[in-house]
Amino acid sequence: MEVRKVLTSVRRTVSSSSLRGRFSGLSSLTATPLNPVTNLRAHIEFVPAKIPRKRRLQTLAVAIWSTIIVWSTAIFLFLCSFPPLWPVLAAYIIWIRYIDKSPEYGGRLNPWFRSIKFWRYFAEYYPASFLKTCELPPDRPYVFGYHPHGMRGAICTFATESIGFSAAFPGIIPHLLTLTSNFRMPFYRDIVLAMGICAVSKRSCSNILKKGPGNSITIVVGGAAESLSAHPGTADLTLRKRLGFIKLAIQNGADLVPVFSFGENDIFQQMPNDKGTTLYTLQKKFQNAFGFTLPLFHGRGLLNYNLGLMPYRKRIVAVIGHPINVVQCDKPSLEEIMHVQQQYIDELMWIWNTYKDDFARTRTRELNIIE
């Protein structure tokens, strides 16, 4: 009996002490209440209620363009829900796939569409501008090489008149080039064709340059590989192995003009994807399979400044360098191509060294040609 009473008292003591410990733990948790909404609001910088109308229009223009593929596809699918429109839509698809060759023959550049006010708001959002280092006489064709990879500054400079390219270079007809797959998207293709954007195929490039003096193409040289290296404060270019656009310029007797766009890499934040990481490996496999890649990036939102898929408001300045004169040759040797490439790289480095302290003050390292 006495032993049983002792055991019972011990159990009561242990249980009461353990309960006191648990309750004290709970009290410490309740001392700092968990409120997910409050924590979320603390990390997201929301847009103030009072914003000038012009800035709202700028943000709206960028938001529309950032989702233009989604909108154009949604409109096409919506029209497909009306059976009376099926014959018209079927004819349109056939025309896109088998009849219309505009993407390979200079597009359908519409000066009015390139000059509408929408594009001015789009360019003022960043803001985007270009710097002219010399005159470009319209008595010859040109191949502009755009660096680093990114389309925002290229669109403002070469695909619209939002910052006055044609006024600065009279007689030069610009054609920004993009993936051929973009011209298979209903309605979206017609928008970019009106901007003078064409396919980046060899056939398309030759057809445009053969139209004669004043015609020009703009190639984003680094492509998908370079997009994986696009991080704020850096300028890592994929250029050494890119000889095709130089050979193309020599074959067509077109002067090469390097363009470096300061700020292009600063408008988005990309997830860390150094070589050797799992993310980088997956992105490269995706690129090898589909011909393009998907950088995992983020920017700002429509109603906040630090969470979303819209670009940040960062200044973009495209510096258009001096032309590199080439001698026309149908079958240039590798030595000739490499010689012109070195001239091209030297001019690109001159642009960087001359203007980096003006337009790349927040850089974390110098321009680097990684491959």
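Remember, it's a predicted structure, so these values are computed and weren't measured experimentally. (Residues numbered from 1 in each chain as written. Predicted model: local features only at pLDDT ≥ 70, side-chain atom pairs only at ≥ 80, totals over all residues. Heavy atoms only, no water.)

Draft legend 1. Looking closely at the sheet that holds strand 10 (residues 316-320). If you trace the five strands from one edge of the open sheet to the other, you get 1-10-7-2-5, paired in mixed fashion. The sheet is open, and its two borders are formed by strand 1 (128-132) and strand 5 (216-220), each paired with just one other strand. Each strand axis lies, on average, 25 degrees off the axis of its neighbour in the sheet, ignoring direction. Judged from the six bridges that link them, strand 2 (residues 142-147) and strand 7 (residues 255-262) form a sheet pairing that is parallel. From the neighbouring strand, Phe144 faces strand 7, where its bridge partner is Val257. Seen against the sheet, helix 11 (residues 202-209) touches strand 2 and strand 5 and runs at an angle of roughly 150 degrees to strand 5. (Pairing = 2+ DSSP bridges. Helix = DSSP H or I, 4+ residues; strand = E, 2+ residues; numbered from the N terminus. Axes fitted to C-alpha atoms, helices over the stretch in contact; angles between N-to-C directions. Contact = heavy atoms within 4.5 Å.)

Draft legend 2. Summary view of a nonpolar patch on the surface. Judged by side-chain polarity, Ile94, Trp95, Tyr98 and Ile99 come together as a nonpolar surface patch covering roughly 450 Å² of accessible area. Within the fold, Ile99 resides in helix 5 (residues 86-99). Residue Ile99 is classed as exposed on the basis of its relative accessible area, which comes to 53%. (Patch = residues over 30% accessible without salt bridge, like charges linked within 9 Å, V, L, I, M, F, W, Y side chains within 5 Å. Areas by Shrake-Rupley, 256 points an atom, 1.4 Å probe, with all protein chains shown as cover. Salt bridge = Lys/Arg side-chain N within 4 Å of Asp/Glu carboxyl O. Buried < 20%, exposed > 50% of the residue type's maximum accessible area, 1.4 Å probe, protein only.)

Draft legend 3. A look at the nonpolar core. Counting residues in each nonpolar core, the largest one holds 46 residues, and the members touching the most others are Trp65, Phe122, Phe144 and Ile320. For Phe122, the residues in contact, after removing those within four places along its chain, are Ala61, Val62, Trp65, Arg152, Ile155 and Cys156. In terms of nonpolar packing, the next biggest core, distinct from the first, is built from 36 residues, Ile208, Ile219, Leu239 and Val326 among them. (Core = buried A, V, L, I, M, F, W, Y, C linked by side-chain atoms within 4.5 Å.)

Draft legend 4. Main features of helix 14 (residues 278-290). With 13 residues, helix 14 extends 18 Å between its outermost C-alpha atoms, agreeing within 8% with the 18 Å of an ideal straight helix rising 1.5 Å per residue. Buried residues of helix 14: Leu279, Tyr280, Gln283 and Gln287, and no others. Seen from one end, helix 14 has its buried residues packed into an arc of 95 degrees, which puts them on one side. Exposed residues lying more than 90 degrees from the buried face of helix 14 are Thr278, Leu282, Lys285, Asn288 and Ala289. (Expected span 1.5 Å × (residues − 1). Arc of directions from axis to C-beta.)

Draft legend 5. How the structure looks around the packing of aromatic side chains. Applying the stated rule across the entire model yields 26 aromatic pairs. Measuring from ring centre to ring centre gives 6.4 Å for Tyr146 and Phe158, while their planes differ by 85 degrees; the resulting arrangement is edge-to-face. Taken together, the positions of Tyr146 in strand 2 and Phe158 in helix 8 (residues 152-159) put the pair 12 residues apart, joining distant regions of the chain. Of the residues examined, Phe158 reaches a relative accessible area of 0% and is grouped as buried. Between Phe158 and Phe165, the ring centres sit 5.4 Å apart and the planes meet at 55 degrees, which makes this aromatic pair tilted. Here Phe158 and Phe165 have matching classes, each one buried. Ring-pair connections join several aromatic residues into one group, and the members of that group are Trp65, Phe113, Phe118, Trp119, Phe122, Tyr125, Tyr126 and Tyr188. (Phe/Tyr/Trp six-rings, centres within 6.5 Å; stacked < 30°, edge-to-face > 60°.)

Draft legend 6. Highlighting the pattern of salt bridges. A full pass over the atoms with the stated rule returns 13 salt bridges. For the salt bridge of Asp100 with Arg108, the shortest nitrogen-to-oxygen distance reads 3.0 Å. On the basis of relative accessibility, which here comes to 12%, the residue Asp100 falls in the buried class. Owing to a relative accessible area of 31%, Arg108 belongs among the partly exposed residues under this scheme. The partner of Asp190 in a salt bridge is Arg189, with the nearest N and O atoms 3.7 Å apart. Of the residues examined, Asp190 reaches a relative accessible area of 24% and is grouped as partly exposed. Linked through salt bridges whose partners overlap, the residues forming this network are Asp100, Arg108, Arg189 and Asp190.

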